[in-house]
Amino acid sequence: MKNSLAFFLVLTMTAASAHGLLPVRPIAPSDLVLTGLIDSDTTAGGVARLCEQVTFSRGLRYGDSEANVLDVATSEATKADTPRPVLLFVTGDTFTGDRGTPELSRDIQDAAMCFAARNGMIGVRVNYRLAPAATWPMGATDVAAALSWVHGNIDLFNGDAREIVAVGYRAGAFHVASLLAHPELQADRADVAAVVLVSGIYRAGKNASDSEKAYFGTDASLYDKRSVFPGILNVDEPIVLAWAANDSANLIAQGETLKKTLCGSGHCPRTTILRSHDGIAAAFGLDGSGDSLAEPTLLLVHQLEARGLP
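Residues numbered from 1 in each chain as written. Predicted model: local features only at pLDDT ≥ 70, side-chain atom pairs only at ≥ 80, totals over all residues. Heavy atoms only, no water.

Details of the overall build of the chain
Check the secondary structure of the chain and you find 8 helices and 10 strands. Residues classed as buried in the chain amount to 52% of the 310 residues present. Once local pairs closer than 6 in sequence are excluded, the contacts in the chain between residues at least 24 apart make up 75%. Entry remark: accessible area of the chain is about 14,000 Å², with carbon and sulfur atoms responsible for 53%. (Helix = DSSP H or I, 4+ residues; strand = E, 2+ residues; numbered from the N terminus. Buried < 20%, exposed > 50% of the residue type's maximum accessible area, 1.4 Å probe, protein only. Contact = heavy atoms within 4.5 Å. Areas by Shrake-Rupley, 256 points an atom, 1.4 Å probe, with all protein chains shown as cover.)

Structure representation (structure tokens):
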């Protein structure tokens, strides 16, 4: 294990030294566990050009389960003199998994990671346990554990733990929102600077899908308690809220209800209506679909950078 970690750090330092003097790096924490390889293997399909000059550190363990791993994406744009903001992606078509094959799902998520890295941010993708093996609130607690890992280790990638923007897509949007809405689920140093919630389910109802029942359980009397309400109304962090024009009627209603409720509490989110619901890459306009989250997300990040954190 020590040899693997040493190899990981040597690769990081070698890449940085080719571009000038190395900044002072902290000593790697003793609990940093590398379970994958550093690579830049995203070379196939439509993401190839977007991911040029992006390096992935894959399979970094943040928890005890084999599913508790995350990937980190960096680029030349992130090797700046100052630490860079972090865009953390929590995705999932449903609570039981993605519709596509694992390889296709990874390519689609890689595209969003490369969007972050090429725009001067550190991209982090969080994998988490799925229903039915993992039920409420394990998705949120996995995200909390991943955030705690990021706070403790992202400086090794020149990331700024004070500027983490968590992007939740579909099931991932619930896990991110649920973590904020239920402080009792938060781990040590699991805070974020802002959130982007895309096409999420925020309160399961009597017509819950099989996937929702697999995560929330079959007892509908518990659904309100396990929703993001009313805790989400106490969240201080900026929120960007989005859904697609061709989302299901239920998903659109979920987004509209969350927006209306937040606005009624004096915390009105910036809202974007997307043209396509075909994956997190489409949400950022990386498929050429038009309206996207790219501009409002970059604006949000720039606002965080400009706010003058001590």
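As for the pairing of strand S9 (residues 239-244)
Among the 6 residues of S9, 6 are classified as buried, and the element is accordingly described as predominantly covered. Pairing of strand S8 (residues 194-198) with S9, which is carried by 4 bridges, proceeds in the parallel orientation. Bridge assignment links valine 198 to a residue of S9, and that residue is alanine 242. Note: S9 against strand S10 (residues 270-274), 5 bridges, orientation parallel. Bridging from a neighbouring strand, tryptophan 243 pairs with isoleucine 273 of S10. (Pairing = 2+ DSSP bridges.)

A short note on the packing of aromatic side chains
Following the criterion strictly, the structure yields 9 aromatic pairs and no others. Seen in terms of ring centroids, phenylalanine 89 and phenylalanine 284 are 6.0 Å apart; in terms of plane orientation they differ by 80 degrees. Their pairing is edge-to-face. Taken together, the residues phenylalanine 89 in strand S5 (residues 84-90) and phenylalanine 284 in the loop between helix H7 (280-283) and helix H8 (294-306) connect sequence positions 195 residues apart. Like phenylalanine 89, the residue phenylalanine 284 is buried in the burial classification. Each member of the aromatic cluster is reached from another via a ring pair, and the members are Phe95, Phe174, Tyr215, Phe216 and Tyr223. Lying over the aromatic face of phenylalanine 56, arginine 58 brings its terminal NZ or CZ to 4.2 Å of the ring centre. (Phe/Tyr/Trp six-rings, centres within 6.5 Å; stacked < 30°, edge-to-face > 60°. Lys NZ or Arg CZ within 6 Å of the ring centre and 35° of its normal.)

So, the state of the cysteines
For the structure on display, the rule yields 2 disulfides. Note that cysteine 51 is cross-linked by a disulfide to cysteine 114, the S-S spacing being 2.0 Å. Residues cysteine 51 and cysteine 114 are joined through a disulfide that is right-handed, its torsion about the S-S bond being 105 degrees. With cysteine 51 in the loop between strand S2 (38-39) and strand S3 (54-61) and cysteine 114 in helix H2 (residues 102-118), this pair connects stretches of sequence that are 63 residues apart. Here cysteine 51 matches cysteine 114 in class, with each residue buried. (Disulfide = S-S within 2.5 Å.)

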